[in-house]
Amino acid sequence: MTTETHHETPSPHEPIELVLARLLRIGSIIAAILLALGIGAMLLGGHAVVGPRLITAGLLALLATPIMRVMVAGVIFAREKDWRFAFFCLVVLCSIVAGILLGHEHGG
Amino acid sequence: MAIGAGIVGSVLGLGGGIIIVPALTILFGVSMRTAVAASTVSIIATSTGAAVAFLRDRLTNTRVAMWLEMGTSAGALSGALIAGYLHQRFLYILFGLLLAYSGYNMFRTRKAELPGEVVPDRLSRKLNLAGSYYDRMLGKRVEYQVTRTLPGLVLMYFSGAAAGLLGIGAGIFKVPAMDQVMRMPFKASTATSNFMIGVTAASGAVVYFARGDVKPLVAGPVVLGVLLGAVVGARLMVRLKTSTIRKLFIPLIVYTAIEMIYRGVKG
C-alpha cells in the first residue's frame, strides 16, 4: 500500500470529497424539489393522491443518497487501488443490507 | 421548528432527534412511532444537507468516516439482533453515565480550539487517517493526526448498538469518541459524525418505510425544513469558533445523559 493520498497530493482523479459532495448535493436537490412540489400540491388542494406520492418520492430519493454515497466511495477507493478502504465500504454495505432484511422480518 | 432542528443538528454533528421527536409528539400530538420514523428520515436530511459544505471545506475526514462506519453499522445490526434480550434499563443507565462522563471531559477542555500535538498510532498511519482543513475562524490551515484508531472503532460499535437498541444517540456518542478518544479537532469530529449518521439512519429508515411508519404528511414538511436548516447550519458552523460549538454541545450532552439515566431509573 502506498503512503500518499494526503489531500494536497495531485491525483489523476478528482478528490473523493468533491465527488461525494456533488453526489450528495444532487440527491438533496432532487429530494427538496420533490418534497416542495408535493407539499405545494397538497396546499393547493389538488389531487389527493399526487401530493403524498411526490412527498414519498422525495423521501425515497433522500433515503437512497447515503447508500449511493457508500457505493460511490467504494468504487472510488477501488479505482485508486485502495483495496483496504474499498473493502471497508463493502462491509458497511453488507451490514446495511443485512439490517434491512432483518428489519423486514421483524416488521412482519 | 424543523429548520431549527436542522441548524442545531448540522452545527453539532447530531441527528436532531432530540428536538424533533418531543416536538412532534408533544406539540403536534403525533404518535411515537410516526415521530421516530419522521425523525430517522430527517437525520438523513441533516447529514446530506450539511455534508456538501463540510466536504468542500475538507472538514469531513472521509477515510476516518469509512473506517468508523464499519463499527456503527455492525453495531446497529447487532443492536437490532439482541434487542429484547437485554435489560433496557441497565443500558439506559450505562450509556447515560458514559455520556455524563464525556460531558464532563468536554467541559474541562471547553476552551481549547485545537487538540495540540497528537502522536498517531500505527494503525492510523497505516490507514492514512491524518487530515487537514482550512479553518475560516482561525484563518489558517489545520493539520491533524488521529490516534487510538482501534478503540475508536470499538466505541463506534457500541454507539451503533446503542442507536439500534435504544433508538437514540445517532451523533451524541460519535462526536466525543472522535474528539476525546481519537483526538481529532472538534470541528472535524462534528463534521465527520454528521457525514456518518446518514448511513446508519438510512438503513433504519428503509425498515420504517417498509412498515408504513413514514407518513408523508408528517415527514414531508419536517424533512424539507430540516434539509433547509442543515444547509444553513453547515455554512454557519464553518464560521463558528470551536469553543462556541462546544458550549452548545455541552448542555445537550448533559441533558441527554440526565434523560437517559432518568429513563433507566424510572424504568
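Residues numbered from 1 in each chain as written. Chains lettered and ligands numbered in written order. Predicted model: local features only at pLDDT ≥ 70, side-chain atom pairs only at ≥ 80, totals over all residues. Heavy atoms only, no water.

### Quick look at the overall build of chain A
When its secondary structure is counted, chain A shows three helices and zero strands. In sequence order, chain A lays out its α and β elements as α-α-α. At a minimum sequence separation of 6, the contacts of chain A that also span at least 24 residues come to 50%. Element-wise, carbon and sulfur atoms account for 72% of the exposed surface of chain A, whose accessible area totals about 5,900 Å². (Helix = DSSP H or I, 4+ residues; strand = E, 2+ residues; numbered from the N terminus. Contact = heavy atoms within 4.5 Å. Areas by Shrake-Rupley, 256 points an atom, 1.4 Å probe, with all protein chains shown as cover.)

### What to know about the interface of chain B and chain A
Each side of the interface is counted separately: chain B has 50 residues, and chain A has 53 residues. Buried surface at the junction of chain B and chain A, both sides included, amounts to about 4,500 Å², of which 76% is carbon and sulfur. The largest contributions to the chain B side of the interface with chain A come from B:Arg58, B:Arg63 and B:Met66, which together make up 15% of the buried area. Across the pair A:Arg69 and B:Glu69 runs a salt bridge, and its minimum N-O distance is 2.8 Å. Between the two partners, chain B and chain A, sit five residue pairs in polar contact (both at pLDDT 80 or more). Mapped onto the side of chain B that touches chain A, the elements with two or more residues apiece are α3 (32-56), α4 (62-82), β1 (131-135), β2 (140-144), α9 (186-211) and α10 (216-237) of chain B. A breakdown of the residues in the side of chain B that touches chain A according to their chemical character gives 32 nonpolar, 10 polar and eight charged. (Buried area = accessible area lost by both parts, 1.4 Å probe. Salt bridge = Lys/Arg side-chain N within 4 Å of Asp/Glu carboxyl O. Polar contact = N/O pair within 3.5 Å; in protein donor to acceptor, adjacent residues only side chain to side chain. Nonpolar A, V, L, I, M, F, W, Y, C, P; charged D, E, K, R; others polar.)

### Quick word on the packing of aromatic side chains
Per the counting criterion, the structure on display carries seven aromatic pairs over all chains. When the centroid spacing of 5.6 Å and the interplanar angle of 80° are considered together, the rings of B:Tyr157 and B:Phe158 count as edge-to-face. Chaining the aromatic ring pairs together yields one cluster made of A:Phe77, A:Phe85, A:Phe88 and B:Trp67. When the ring centre of B:Phe195 is taken as origin, the NZ or CZ atom of A:Arg69, which lies over that ring, is 3.6 Å away. Over the face of the ring belonging to A:Phe85 we find B:Arg63, whose NZ or CZ atom lies 4.2 Å from the ring centre. (Phe/Tyr/Trp six-rings, centres within 6.5 Å; stacked < 30°, edge-to-face > 60°. Lys NZ or Arg CZ within 6 Å of the ring centre and 35° of its normal.)

### A short note on the confidence of the model for chain B
All names here are of chain B. Across chain B, the average pLDDT comes to 88, with 98% of residues at or above 70. When pLDDT is averaged over each helix and strand of chain B, the minimum, 84, is found for helix α1 (residues 2-12) and the maximum, 93, for helix α6 (residues 122-126). Scoring of the predicted complex yields 0.89 for pTM and 0.87 for ipTM. (pLDDT = per-residue confidence, 0-100.)

### Quick notes on the domain arrangement of chain A
Residues and elements named next belong to chain A. Assigned domains of chain A: these are domain 1 (13-47) and domain 2 (49-103). Computed from C-alpha coordinates alone, the two centres of domain 1 and domain 2 are separated by 16 Å. With 17 residues of domain 1 at the contact, the number on the domain 2 side is 20 residues. Inspection of the domain 1/domain 2 interface yields zero residue pairs in polar contact (both at pLDDT 80 or more). (Domains from an automatic or database assignment.)

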